[in-house]
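# Commentary on secondary and tertiary structure
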Amino acid sequence: MTTLAAAPGAPAGTPTAPGRTARAPLARLRRTFGISGILAGVFLLAVLVLAVAAPLLAPADPNAQSLLDSYAGPSSAHLLGADGIGRDILSRLVFGSRTSLLGPALVVSISLLVGIPLALLAAWYGGLVDATVARVFDLVYALPGLLLAVLAVALFGPGLTPAVAALSIAYVPFLARIVRAAALQQRNSPYVDALAVQGFGVVRITVRHILRNIAPVVLGQAAIAFGYALLDLASLSYLGLAVQAPTSDWGVMVSDSDALMKGYWLPVLAPGVLIVLCVLSLTVLGARISGERPQSYLRLRRGATKRSTTKPSTTKGAGA
Amino acid sequence: MTSSSPGGSDPLRATPDGTAAATAHPATAAPLLELSGLTVRLAVEDGSRAVLDGIDLSLAPGEALGLVGESGSGKSMTVRAVTRLLPGGAEVDGTVRFEGQDVNAMSGPELRAYRDRGVGMIFQDPRAHINPTRRIGAFLTEALIRNRGTGRREAEARAAAVLAEVGIDSPERRLRQYPHELSGGMLQRVMIASVLLAEPRLILADEPTTALDVTIQAEVVGILDRLRRERGMGMVFITHDLDLALAVCRRVAVMYAGRIVEVREAEELHRRAAHPYTLGLLGSRPSIDERADRLDAIPGRPVSAFESGPGCAFADRCAHVQPVCREERPELEPFQGGLVRCHRVAEIHSRQDQEASA
Amino acid sequence: MTNSPDVSTPDLSTSDAVSVAGLSKVFRVPAGKGGQTRHTAVDEVSFRVPAGGSLGIVGESGSGKTTVARMLVGLERPSAGGIAVLGRDRTAPARWAGERNRRARELQIVFQDPYTSLDPSQSARSAVQEVLRHHSGRQGTGRAGDRSAGGGLTAERLLDQVGLTERQSLARPRDLSGGQRQRVAIARALAAEPKVLILDEAVSALDVSIQAQILNLLADIRTETGIAYLLISHDLAVVRQLCDTVLVLRRGRVVEQGDCGAVLDDPAEDYTRALRSAVPVPGWQPPNARV
C-alpha cells in the first residue's frame, strides 16, 4: 500500500512542469476533482476527523444511559436528542463512525493486499496464469458478498471479524479486475518493453512503474469499494450479524426499530443519512480519482495525442 | 477527359492585389474555394488558443493544391474549417467561400448539401472512418440511397463500377465484405471510391497515404490523381511530405504555426524555394540517392500559432533572424513568381546569388 | 553479399556486433471456427552487423522487421535459428538476472513511438538515473567500463549529449515534444552503455525537421562511441543516411542484402526496385498520372 500513497495528487501535482504557469492550489484541486469531488473529500475528511478524535469531540459517553432522557428531543443537553434508553445520539454517531469506518477499511485493505498481486501476476504473465486467475475471480464475483457474509456468520457466529473476512474475499474480484485491466494496458506499453530490455526484473517493473502509473485507478476503485463495504457492513449490523448491539455503530443504530415504531425518527434517520452521504461521497471521489471527469472536447492537451492518430475527436495540439 | 486542370498555374491568385494574376490568366474562372483571413481560435480550459492565423488561399476548379507542414502548422485545422468540422467552442474569423458561397453562413440544409455534393474527405486512417460493423456495399451506397434517392440496385452497380475504377478486383464480392477483411491500402481505395461516388467538386485529402506502405502509397496516389484529373475535381492535398506534395500537386502552400509562409508552383518550389523554412524542410530530408555528411537540420521544434510571438513565427529557428523578425509580423508578399512571408527574403537571396556568381 | 542461409547457428567466433543465422518466427494465429493457423513472420533470416557497423533492415508492413528486432532484444522467442551478440549466444531467454543485465549492457533498443516508450510518471533524468543505478557496480562487458571509469557517466552528461536542457530533463514526458521524448529514449538506451543499438523506426514518427536533428545526433553518437546500429525502417532515405549495409525484407524473407549504396543505386531484385521507385523524389510522378 505504501506505493499508493503518492498517487491522489499525481494528476495535478506537477510542480516541475515547464511552460505551465503556477496556479493557485485551490484552482488546481478544482480542476482535478471538480466541485463535487472537493465537497465529497471535505465531508469524508470531516468524518475521518470525527472517528479519530471521537473521545475529544463527543459531548457525552456514548454508552451512558439515563432513562429519564428516553427519546428526548434535541436540546442543549442532547443536540440530536437521545435514544430509547437515554443515550446521547450525537455521541453515539461520533463513536459509531469508528466501527463504521474500521470495518470497510479492513475489507478494502485485505482485498487490495490479496487482489493487487494476483491482478499484476495475471496481467504480466497472461496466458494460462491470466485465464486461471480470471476464472477464480469470475467464480467469486458470482457470489453476492452479503450472502457470503451471512454464510460466514452462520458458521462462526455473529461479529465483525467473520463479516469482514467474508466481505474481503468477496471484494477481491471487484478491485482486482480493474487493476488487471489497467495493468494490462501498461504491460503492453513499449516503455515496459524498454524496461525489460534494460534488464529490470518483473517485480521492479510492476511495482515501481506499472503500479505507480495505475495508482489513481486503484485508489478510485478502492474508494468506491469502501463505500459499498460500508453499506454491506451496515446492512449486516442492521441485521445483527456484524457489530453487536451495545457498541455504537451506524448500522446498529439504524436497526433501532423500537424508536421508529414509537414515532421517533431522529435516532434512525441521523445514522442513515450519514451512511448515505459517506457512500455517495466515496463513489464521487472514487470516480474523480480514477480520472472519470466530464470530458471536454475543447480541452487542448499539448502532445497528448500521437501524431499518427487522426480521429476527428482528438484534441490534438493544432491540426497537422 | 484529359483536360488538364484549368488555371492552377498562378500562385498569386491568393492575394486580392495579385498583379501577376491578371497577366498569367486573364480569364480565370471564379475560384472553387477561397479562404481569406481565416483565423481559428480553439477554446481551452483557460481561454482560447489560435491555431490558424490569417490564412489566404484560393483554389481554382480542377486544381490540385498541396498543403504542407509539420505538427502544429494548422494544415488539418484548415480543412476542418473548410468543412465546418471544427471542435465546439472554436472561434472563426475571416471567410471560407465555396463557389462564392460563405460556408460559415450556410443554413443546415445548405451545409448538408455542401458536405454531400460539394466536398469529399479522405482521411489518413480509413479504418477509423468506416463503420466496422457494416459491409463495404452498405458504406458505399448509403449516401446515394439516402441522400439522392437512387435505387438500391443502381447504387450497387455504381459502387461496383467505382471500385473497379480505383483498381479493386472482383468489386461485387468486395461489396459483401466487411472492412476488417480488407487491407489498409484496399480500405483507402474504398474511401476514395466513396468520395468519387458522391462526385464532389472538391476533394480534401488529409494525409491520405501516411499510414500506407510506399508501394501502396504510390498506387493510391496514382489512382487519386488520375480520377481527379478525369473528373475535373479540385483537391487540397494535405501532407507532411513535401516531395509527395510536389509530385501530386500543381501548386504547394507551405504552412508554419498556423500561417502560410510560402506558396509556389510545385516545379518551382523544389528548385527555387525562397522561405528559410521551406529551404530548411528541403534540407532536412535525407536523400535516397546519396548520403549527406550532415543534414541541414532546423534547430528547435515546430511551434503552433498560439506559441509564436508578435513577429515571424519562424524567427526562433531561423538562421537569418534580425530584430525586425521578432517584432514585426511579415506579410505574404510576391517573390520570384511565388508568395513568401519573410522580411528578409529579398536580402537573403540577393546575397546568395552574389555568392553563387562570385 | 548474401550470407549462406543454411547455417542455423550464428558464428560465435567472429568479433561481429550482431550475428544472426537462420532466424525464424512462427506465430500461431486463431483462424475461423476455433482453429489455428501458423503464420511465418520471419523466415530463415541471416545477417551480421560488424562491430561499429550499421545495418538497415528495410521492409513494408508485414515484412517481419519488427519481429526480428523483438527477437534480438529477447522480447520474442525465436522458433528456429540463432542469435549472437558480441559473440555470445542469446537465442534462449536469459535464465537469471545477471545474464539479463549483461545482455542489457550489450544491446539496447529505441522504439518508434516516443509517446508510449517512456514511463509517463518519470522525468527524463530519473529514467536515465534509474538505468545508470541499475547497471552501476555490476560487471561490465569488458570495454563497457571505459567511459564510466574515465569521466563518470552521469544522467546529466547523457542528457546533455542528446541535446536536452536541464529544464527539459526534469520535465515529465507529457510536457515534452515528440522529438524531445525520443532524445530521452536514446539517452536511456545509452545509459546501459550498449555496444549495439537497435533503432526500431525510431525516427519515423517525428516531424521532418526533428527527424534531421535526431539523424545527425545518431551519427554523432556513433562517431563518438563507436556503437553499432541496427536500423529498422520503411524509409529508404533514412537508411541510406545512417547505414553502411542494408537488408531488404519481404514477407519474412530476405530479398536482398549488401552495401547500402550498391543495393539502393543498383537493386538486383525487382522488389527492391519497386520499393525504390515508389519513393516520391523531386521529379517523381505517381503511376498512371501522366497526362
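None of these values were measured; they are calculated from a predicted model. (Residues numbered from 1 in each chain as written. Chains lettered and ligands numbered in written order. Predicted model: local features only at pLDDT ≥ 70, side-chain atom pairs only at ≥ 80, totals over all residues.)

### Things to note about the overall build of chain A
When helices and strands are tallied, chain A shows 11 helices and zero strands. Listed N to C, the secondary structure of chain A is α-α-α-α-α-α-α-α-α-α-α in terms of helices and strands. Counting all 320 residues of chain A, 46% fall into the buried class. Within chain A, contacts between residues at least 6 apart in sequence are counted, and of these 66% link residues at least 24 apart. (Helix = DSSP H or I, 4+ residues; strand = E, 2+ residues; numbered from the N terminus. Buried ≥ 20, exposed ≤ 12 C-beta atoms within 10 Å, placed from the backbone. Contact = placed C-beta atoms within 7 Å.)

### Side note on helix H6 (residues 152-165) of chain B
One turn of an α-helix holds 3.6 residues; hence residues three or four places apart share an orientation. Residues and elements named next belong to chain B. Taking 1.5 Å per residue, 14 residues should reach 20 Å; H6 reaches 20 Å between its end C-alpha atoms and fits that length. Among the residues making up H6, those that are buried are Ala155, Glu156, Ala159, Ala160, Val162 and Leu163. Mapping the buried residues of H6 onto a view down its axis gives an arc of 165°, with all of them on the same face. For H6, the exposed residues lying more than 90 degrees away from the buried face are Arg153 and Glu154. Where the residues of H6 are buried, they touch helix H5 (136-148), helix H7 (171-175) and helix H8 (184-198). (Expected span 1.5 Å × (residues − 1). Arc of directions from axis to C-beta.)

### Let's talk about the sheet that holds strand S2 (residues 47-59) of chain B
The strands that make up a sheet pair up through hydrogen bonds in the backbone, lying either parallel or antiparallel. Residue and element names in this part refer to chain B. The strand order across the open sheet built from four strands is S2-S1-S4-S5, with neighbouring strands paired in antiparallel fashion. Lying at the two open borders of the sheet, with one neighbouring strand each, are S2 and strand S5 (101-102). As paired elements, strand S1 (residues 33-44) and strand S4 (residues 91-98) share seven bridges and run antiparallel to each other. Directly across from Ser36, in S4, lies its bridge partner Thr95. Sheet strands touched by helix H2 (residues 75-82): S1, S2 and S4. Its angle to S2, the strand with the most contacts, is close to 75°. (Pairing = 2+ DSSP bridges. Axes fitted to C-alpha atoms, helices over the stretch in contact; angles between N-to-C directions.)

### Some thoughts on H5 of chain B
Residues and elements named next belong to chain B. Over its 13 residues, H5 runs 19 Å from end to end, which matches the ideal 18 Å to within 8%, given 1.5 Å per residue. Restricting attention to buried positions, one finds in H5 the residues Ile136, Gly137, Phe139, Leu140, Thr141 and Leu144. For H5, the elements touching its buried residues are H6, H7 and H8. Phi turns positive one or two residues past the end of H5, at Gly149, with a value near 70°.

### A few points about the nonpolar core
Ala163 of chain A together with Phe237 of chain B are the most contacted members of the largest nonpolar core, which has 272 residues in total. Considering every element that reaches this core, the biggest residue donor is helix H8 (residues 202-238) of chain A, with 20 residues. Contact partners of Phe237 of chain B, with chain neighbours within four places excluded, come to Ala64, Leu65, Gly66, Leu67, Ala205, Ala245, Val248 and Cys249 of chain B. (Core = buried A, V, L, I, M, F, W, Y, C linked by C-beta atoms within 7 Å.)

### Some points on the interface of chain B and chain C
Contacts between the two partners involve 39 residues from chain B and, on the opposite side, 34 residues from chain C. Going through the elements one at a time, helix H9 (214-231), helix H10 (242-248) and helix H12 (276-284) of chain B are the ones with two or more residues in the side of chain B that touches chain C. Sorting elements by how many residues they give to the side of chain B that touches chain C places H9 of chain B first, with 11 residues. For the side of chain B that touches chain C, the class distribution of residues is 16 nonpolar, 11 polar and 12 charged. (Nonpolar A, V, L, I, M, F, W, Y, C, P; charged D, E, K, R; others polar.)

### A look at the packing of helix H5 (residues 145-156) of chain A against H8 of chain A
Residue and element names in this part refer to chain A. Taken N-terminus to C-terminus, the directions of H5 and H8 make an angle of 40°; their axes are 11 Å apart at the nearest point. Judged by the inter-axis angle, H5 sits oblique to H8. The way H5 lies across H8 gives a crossing that is right-handed. Across the interface between the two elements, Gly145, Leu146 and Ala149 from H5 touch Asp232, Ser235 and Leu236 from H8. Here the contact of H5 with H8 is built from residues that sort into three nonpolar, two polar and one charged. (Parallel < 35°, antiparallel > 145°, perpendicular 65-115°, else oblique. Left-handed = near helix turned anticlockwise from the far one by under 90°.)

### Quick look at the sheet that holds strand S1 (residues 18-30) of chain C
Residue and element names in this part refer to chain C. Taken in spatial order, the four strands of this open sheet run S2-S1-S4-S5, and their pairing is antiparallel. This sheet does not close on itself; its edge strands, each paired only once, are strand S2 (36-49) and strand S5 (88-89). Its contacts with the sheet put helix H1 (residues 65-72) on S1, S2 and strand S4 (80-85), and the angle it makes with S1 is roughly 115°.

### Section: unusual backbone geometry
You will see that Glu99 of chain B, though not glycine, has its phi angle at about 50°, which is positive. Structurally, Glu99 of chain B is set in the loop between S4 and S5. Despite not being glycine, Glu193 of chain C has its phi angle at roughly 50°, a positive value. With respect to the helices, strands and loops of the structure, Glu193 of chain C is situated in the loop between helix H7 (178-190) and strand S7 (196-200).

### Quick look at the pairing of strand S8 (residues 228-233) of chain C
Residues and elements named next belong to chain C. In terms of burial, S8 is largely enclosed, as six of its six residues are buried. Burial along S8 is two-sided: the residues Ala228, Leu230 and Ile232 and Tyr229, Leu231 and Ser233 are all buried. Judged from the five bridges that link them, S7 and S8 form a sheet pairing that is parallel. Its bridge partner lying in S8, Leu197 is registered against Tyr229. One crossover worth recording links S7 to the parallel S8 by way of helix H8 (residues 208-225), and it is right-handed. (Right-handed = clockwise from strand over helix to strand, strands pointing away.)

### Some words on the pairing of strand S6 (residues 119-122) of chain B
All names here are of chain B. The alternating pattern of S6 places Val119 and Met121 and Gly120 and Ile122 on opposite faces, both of which are buried. As defined by bridge partners, S6 adjoins strand S7 (residues 202-206) across four bridges and the pair is classed as parallel. When the sheet's bridge partners are listed, Ile122 is paired in S7 with Ala205.

### Describing the confidence of the model for chain A
Should the pLDDT be low somewhere, the predicted coordinates at that spot are not to be read in detail. Residues and elements named next belong to chain A. Mean pLDDT over chain A stands at 80; residues scoring 70 or higher make up 84%. The secondary-structure element of chain A with the lowest mean pLDDT is helix H10 (residues 257-261), recorded at 77, while helix H7 (residues 190-197) shows the highest, at 94. This stretch, residues 1-22, has a pLDDT under 50; its non-local contacts, to residues over four places away or in other chains, come to 32 contacts. (pLDDT = per-residue confidence, 0-100.)

### Observations regarding the packing of helix H1 (residues 25-52) of chain A against helix H11 (residues 266-289) of chain A
If you want to describe how two helices pack, look at the angle between their axes and the distance between the axes. All names here are of chain A. Contact geometry of H1 with H11 gives a least axis separation of 8 Å together with a crossing angle of 130°. By the criterion of interaxial angle, the relationship of H1 to H11 is oblique. Between H1 and H11 the crossing geometry is left-handed. Residue-level contacts link Phe33, Gly34, Ser36, Gly37, Ala40, Gly41, Phe43, Leu44 and Val47 of H1 to Leu277, Cys278, Ser281, Leu282, Val284, Leu285 and Arg288 of H11. Taken together, the residues of the contact of H1 with H11 sort by class into 10 nonpolar, five polar and one charged.

### Describing the confidence of the model for chain B
All names here are of chain B. Chain-level pLDDT for chain B is 86 on average; 91% of the residues reach the 70-or-more range. Confidence over residues 1-27 falls short of pLDDT 50; this stretch has 52 contacts with residues more than four positions distant or in other chains. Both scores are given for the predicted complex: the pTM is 0.81, the ipTM 0.86.

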